[in-house]
2 protein chains.
Amino acid sequence: MSHDDVYPASLQCGDCPIRHRAVCARCEANELDELESVKYYRSFEAGQTVIWSGDKMDFVASVVSGIATLTQTLEDGRTQMVGLLLPSDFVGRPGRDRAAYNITATTDILMCCFRRRPFEEMMERTPHIAQRLLQMTLDELDAAREWMLLLGRKTAREKIASLLSIVARRDASIRHRRTDNRLTFDLPLTREAMADYLGLTLETVSRQISALKREGVIELEGKRHVTVPDMQRLLIEAGDDSDGGLIV
Amino acid sequence: MSHDDVYPASLQCGDCPIRHRAVCARCEANELDELESVKYYRSFEAGQTVIWSGDKMDFVASVVSGIATLTQTLEDGRTQMVGLLLPSDFVGRPGRDRAAYNITATTDILMCCFRRRPFEEMMERTPHIAQRLLQMTLDELDAAREWMLLLGRKTAREKIASLLSIVARRDASIRHRRTDNRLTFDLPLTREAMADYLGLTLETVSRQISALKREGVIELEGKRHVTVPDMQRLLIEAGDDSDGGLIV
DNA sequence: ACCAGGATTTGACCCATATCAAGCAAGGCA
DNA sequence: TGCCTTGCTTGATATGGGTCAAATCCTGGT
């Protein structure tokens, strides 16, 4: 198994808290040691805004724990989520000194930051960092484009089912909390955040979730805890290709 | 002026037709000479599909002339454009051997291709290629995210106005065909393609264009030739921040 | 110049989702 | 304990944009 298989979306290593994933040969490499001196941690509480679009951003960072969102807004307040930052996701733009989006913590989060200039300088000297970043960015671009299909062409019900299946899959790939093909997980987002993600209103989100529950596609315990009795069924509701996505 | 200013989105050089832009010192560098042996050209007629999503794609490429689109489709045929390839834009995914989208020529196009493996090998050895690609990919990601805001939160009228202003701006930045603040250009897309871009139906696109014309926001000559008498007005219709975008 | 077929426009109607508004449930705090 | 706040659900109604259908406009081919 290659380094990239073990660390699909992380530049972290050494004493960075993220190392719980595994120990990795490349982490010992001195290129990364060089970053130690410019590394620092920042934490934010749920609801806090990490940075506003247009503000000066003199660091790049990786999420260590918690969830944050990237959002864009129109002047009149309409807002659209354009990215979701999960643990090990990277944020920041080598070569740009302004944030392009609002970054908001939706849970308490811890971020591992590097000062931007030293990071860029190191990137110029060590090819594999740029390559790693390129892979991650390409993955994000793919995700963004899939999301565009959802925003532009899916119905409200399909949007909800898609979001649920994404969260379910993501969750399942981390903890293996699965009995046959029942999946169970907590929604990490409020109804409003889901609406911003999907380009809907929170009322529509609520109605569609109720409908899916009524029809037995999902089961709800409280407002956040979801169990999916039949993943295949959910994927069909999502309108996705019946790809092998259920084999998490 | 740096190399990157002259070649904002191109890896092309040497005898590649794109060199009309300028002559560039870096083009002589032997890293790129190395690519000569694996370079070839392909051309497609308007309407032809370059590659289908999921097909084997053993090359990366840069558009030399013409326009192509990246689209994704749902099983029932609903389709969403997720990217627009203009001259000098790059396509292909180092590290992935399957196309993720349908690529379709909307005009006759010429592409400059490199076989994927050799390209990747070269990228591993020469840092600035990966860095260049990273910058380009980050720009695409930004564009995709702006597009997500459009798809999720803008009205049909705003979507059309946004598209028109994007095309106008893009066009103006190439040829300087501007009298005071009147801009004039040809739409490179059919109504259907615009609909796929914007997540609308072609009827709605048509109606909104008619409405903008009726209200004097744009003028039409035939179906394709547009002139914008007042760019500021169009930007307001687009619902964008009244940023300095009109200074093209 | 004439014709055929595709692209575009326009109209009538309908439906999915937004909007506005009220009520409910759970947790924090006086 | 009861009040408030926050997040969620549900209902009634409005409307933007989709759907279906027909008319018109271009354009290339003969």
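Parameters and conventions
- Residues numbered from 1 in each chain as written.
- Chains lettered and ligands numbered in written order.
- Predicted model: local features only at pLDDT ≥ 70, side-chain atom pairs only at ≥ 80, totals over all residues.
- Heavy atoms only, no water.
- Helix = DSSP H or I, 4+ residues; strand = E, 2+ residues; numbered from the N terminus.
- Buried < 20%, exposed > 50% of the residue type's maximum accessible area, 1.4 Å probe, protein only.
- Areas by Shrake-Rupley, 256 points an atom, 1.4 Å probe, with all protein chains shown as cover.
- Phe/Tyr/Trp six-rings, centres within 6.5 Å; stacked < 30°, edge-to-face > 60°.
- Near = heavy atom within 4 Å.
- Polar contact = N/O pair within 3.5 Å; in protein donor to acceptor, adjacent residues only side chain to side chain.
- Least-squares fit on C-alpha atoms with pLDDT ≥ 70 in both.
- Contact = heavy atoms within 4.5 Å.
- Expected span 1.5 Å × (residues − 1).
- Buried area = accessible area lost by both parts, 1.4 Å probe.
- Salt bridge = Lys/Arg side-chain N within 4 Å of Asp/Glu carboxyl O.
- Nonpolar A, V, L, I, M, F, W, Y, C, P; charged D, E, K, R; others polar.
- Lys, Arg positive; Asp, Glu negative; His and termini not counted.

- In the nomenclature of an unreviewed UniProt entry, chain A is known as CRP/FNR family transcriptional regulator of Rhodobacter maris.

### Let's talk about the overall build of chain A
Piece 1. The number of helices and strands found in chain A is eight helices and 12 strands.
Piece 2. Counting across all 248 residues of chain A, residues that qualify as buried make up 53%.
Piece 3. About 11,400 Å² of surface is accessible on chain A, with carbon and sulfur atoms providing 49% of the total.

### Considerations on the packing of aromatic side chains
All names here are of chain B.
Piece 1. All chains considered together, the criterion is met by six aromatic pairs over all chains.
Piece 2. Aromatic side chains F114 and F119 sit 5.9 Å apart centroid to centroid with 35 degrees between the ring planes, which places their arrangement in the tilted category.
Piece 3. The class for F119 is buried, based on a relative accessible area of 1%.
Piece 4. Pairing W147 with Y197 gives two aromatic rings, centres 4.0 Å apart and planes at 25 degrees, and the pair type is stacked. Here Y197 lies in helix α6 (residues 191-198) and W147 lies in helix α4 (residues 127-153), a separation of 50 residues in the sequence.

### So, the protein's contact with DNA strand C
Piece 1. Every one of the 17 residues lining DNA strand C counts as a neighbour, but T204 and R207 of chain A together with R191, S206 and S210 of chain B are closest to it.
Piece 2. Sugar plus phosphate, as a fraction of atoms of DNA strand C within 4 Å of the protein: 63%.
Piece 3. Taking E203 of chain A, its side chain carries an N or O atom lying 3.2 Å from a base nitrogen of DNA strand C.
Piece 4. For DNA strand C, a phosphate oxygen lies 2.8 Å from a polar atom in the side chain of S210 of chain B.
Piece 5. Of all elements in the fold, only α7 (202-214) of chain A together with α7 (202-214) of chain B reach the threshold of two or more residues within the surface near DNA strand C.
Piece 6. Ranked by residues supplied to the surface near DNA strand C, first place goes to α7 of chain B with five residues.

### Quick notes on the relation of the copies chain B and chain A
Piece 1. Superposition record for chain B on chain A: RMSD 0.1 Å, screw rotation 180 degrees, translation along axis 0.0 Å. One copy is carried onto the other by what is essentially a two-fold rotation axis.
Piece 2. The overlap is high: 100% of the interface residues of chain B also sit at the interface in chain A, so the same surface is used on both sides.

### Here's the deal with α4 of chain B
Piece 1. End to end, α4 of chain B covers 39 Å across 27 residues, agreeing with the expected 39 Å (1.5 Å per residue, within 8%).
Piece 2. For α4 of chain B, the buried fraction is high: 20 of the 27 residues fall into the buried class.

### Topic: the interface of chain B and chain A
Piece 1. Contact residues are listed per partner, giving 51 residues for chain B and 51 residues for chain A.
Piece 2. Of the roughly 4,500 Å² buried at the junction of chain B and chain A (both faces included), carbon and sulfur atoms supply 53%.
Piece 3. When the buried surface of chain B facing chain A is broken down by residue, R145, M148 and R153 of chain B rank first, second and third, together holding 18% of it.
Piece 4. Notably, a salt bridge pairs R153 of chain A with D196 of chain B, separated by 3.2 Å at the nearest N-O pair.
Piece 5. At the boundary of chain B and chain A, one finds 26 residue pairs in polar contact (both at pLDDT 80 or more).
Piece 6. Listing elements by their share of the side of chain B that touches chain A, those giving two or more residues are β4 (68-73), β5 (79-85), α3 (116-125), α4 and α6 of chain B.
Piece 7. With 21 residues, α4 of chain B is the largest single contributor of residues to the side of chain B that touches chain A.
Piece 8. Grouping the constituent residues of the side of chain B that touches chain A by class yields 21 nonpolar, 14 polar and 16 charged.

### What about the side chain of K159 of chain A?
Residues and elements named next belong to chain A.
Piece 1. One can find K159 in helix α5 (residues 156-174).
Piece 2. It turns out K159 is buried and unbridged, and the closest side chain with the opposite charge, E158, is 8.8 Å from it.
Piece 3. Contact partners of K159, with chain neighbours within four places excluded, come to L150, L151, K154, L198, G199 and L200.

### Focus: the environment of I160 of chain A
Residues and elements named next belong to chain A.
Piece 1. Following the sequence through the fold, I160 ends up in helix α5.
Piece 2. By relative accessible area, I160 is classed as buried at 1%.
Piece 3. Here the alpha-carbon distance between I160 and A238, two residues 78 residues apart in the chain, equals 7.4 Å.
Piece 4. With residues near it in sequence (within four places) discarded, I160 still touches L198, V205, Q208, I209 and L212.

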